[in-house]
Amino acid sequence: MQQLQRQGPSPDDCASNGLSGAEVYGLRAVTPSAPDEYSHNARIVKAAICAGFYPRILRVEAPVKYQQVQGGAMRVEANPASIKFFERNLGRVWMHPTSVCFSAGSYPSGWMVFTQLVQTTRAFVREASMVPLYALLAFGGELEVLHDQGLLLLDGWAQFKAPARVGVLIKHLRGAVAQLMAAKIVDPMLDLSDLKVVGALHQLLATDGF
């Protein structure tokens, strides 16, 4: 703690400028050099939510429906009432009628992160958002690569079809990021924004691999 205090502004420095210590640190956080260039990207925001609320995730099962169009068929949204949601420990749960997701008929990633679940006549999820796949792989629990089956297994439950190479690369990326975060804890003033690992993580989350 003493080391952190020495690295930051002293109370006298703050008072002489009419600012509190919290205000000074807040100003530092929003300076142009801060890594906030992706803050407008919905995938980045959802990745941050996923990292904060994991393991509160839901698996989505939606029937696949197609509509004939000129030259072929086009996938269309399913009837919201036909979509099923599953939580790891509770099994099937239901979307609450007051949720904005209640009338949604498409969840392309097949996964959601939720922040609130209530038990009344059923287990209802109120606040939830679809989460990108790579956000789950990057910030979820233990990742296991099942080479022979072409699957990635997250915390022994969530399954993803992917080449083994993808899983290996994700595991290496997670390890590198974990080392950087550990260094950041030791030295809060450490600037990570220009590192290639951070750039790779940002790019992966911002595009969801596309």
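See above for the structure.
Since we're looking at a predicted model, the values are computed, not measured.

Here A128 lies in strand β7 (residues 123-130). For the pair formed by A128 and L117, sequence separation is eleven residues and the distance between their alpha carbons is 9.3 Å. Those residues in contact with A128, other than ones at most four positions away along the chain, are M95, C101, M112, V113 and F114.

W111, V131, L136, L152, L154, F160 and L205 are the most contacted members of the largest nonpolar core, which has 27 residues in total. Listed by contribution, the elements that provide at least two residues to this core are α4 (42-53), β6 (111-119), α5 (133-139), β8 (143-146), β9 (151-154), β10 (158-161), α6 (164-186) and α7 (196-207). Ignoring sequence-local partners within four residues, the contact set of W111 consists of I57, L58, R59, V60, M130, V131, L133, L136, W157, A158, Q159 and F160.

Counted by the stated rule, this structure contains three aromatic pairs. The interplanar angle of 80° and the centroid separation of 5.5 Å between the aromatic rings of W111 and W157 together place this pair among those described as edge-to-face. Taken together, the residues W111 in strand β6 and W157 in the loop between β9 and β10 connect sequence positions 46 residues apart. With 5.5 Å between their ring centres and 35° between their planes, W111 and F160 make a pair best called tilted. Here W111, found in strand β6, pairs with F160, found in strand β10; they are 49 residues apart in sequence, far enough to count as distant. These aromatic residues form a ring-pair network of at least three members: W111, W157 and F160. A cation over an aromatic ring shows up here: R122 above the ring of W94, its NZ or CZ 4.4 Å from the ring centre.

Reading across the sheet, the three strands line up as β8-β9-β10 and stay open at both edges, with antiparallel pairing between neighbours. Of all the strands in the sheet, the pair left with one neighbour each is β8 and β10. Within this sheet the neighbouring strands show an average axis-to-axis angle of 25°, counted without direction. Here β8 runs beside β9; their pairing, made up of four bridges, is antiparallel.

The next subject is the pairing of β7. The pairing of strand β5 (residues 91-95) with β7 spans two bridges and is classified as parallel. Among the inter-strand pairings, M95 is bridged to a residue of β7, identified as V125. For β6 and β7, the ladder comprises seven bridges, and the chain directions are antiparallel. Bridging across to β7, Q116 finds its partner in E127. Taking the residues between adjacent antiparallel strands as the criterion, β6 and β7 are bridged by three residues.

Residue P55 follows Y54 across a cis peptide bond; omega there is 15°. Relative to the elements of secondary structure, P55 occurs in the loop between α4 and β1 (57-61). Despite not being glycine, D155 shows a phi value in the positive range, around 55°. By the secondary structure assignment, D155 is in the loop between β9 and β10. On the basis of relative accessible area, D155 is assigned to the partly exposed category, the value being 23%.

Each value, and the rule that gives it
Counting from 1, residues in each chain are numbered in the order their sequence is written. pLDDT decides what is reported in this predicted model: residues at 70 or higher carry local features, side-chain atom pairs at 80 or more are listed and counted, and totals for whole chains, interfaces and linings draw on all residues regardless. The basis for every side-chain value is the complete set of non-hydrogen atoms in the structure, without hydrogens or water. Elements are defined by DSSP. Helices are runs of H or I of four residues or more, strands are runs of E of two residues or more, and each kind is numbered from the N terminus. Should any heavy atoms of two residues lie within 4.5 Å, those residues are counted as being in contact. As used here, the term nonpolar core means buried Ala, Val, Leu, Ile, Met, Phe, Trp, Tyr and Cys residues forming a set that is joined through side-chain atoms within 4.5 Å. Under the scheme applied here, a residue whose accessible area is under 20% of the maximum for its type counts as buried, over 50% as exposed, and between as partly exposed, the area being computed with a 1.4 Å probe on protein chains only. Side-chain rings of Phe, Tyr and Trp, where Trp is taken by its six-membered ring, are said to pair if the distance between their centres is within 6.5 Å; with planes under 30 degrees apart they count as stacked, over 60 as edge-to-face, and otherwise as tilted. In this analysis the charged atom, NZ for Lys or CZ for Arg, is taken to sit over a ring once it is within 6 Å of the ring centre and within 35 degrees of the ring normal. Note: two strands are recorded as paired if DSSP finds a minimum of 2 bridges between them. Every axis corresponds to a line fitted to the C-alpha atoms, with the helix fit spanning only the stretch in contact, and the corresponding angles, defined between N-to-C directions, vary from 0 to 180 degrees.

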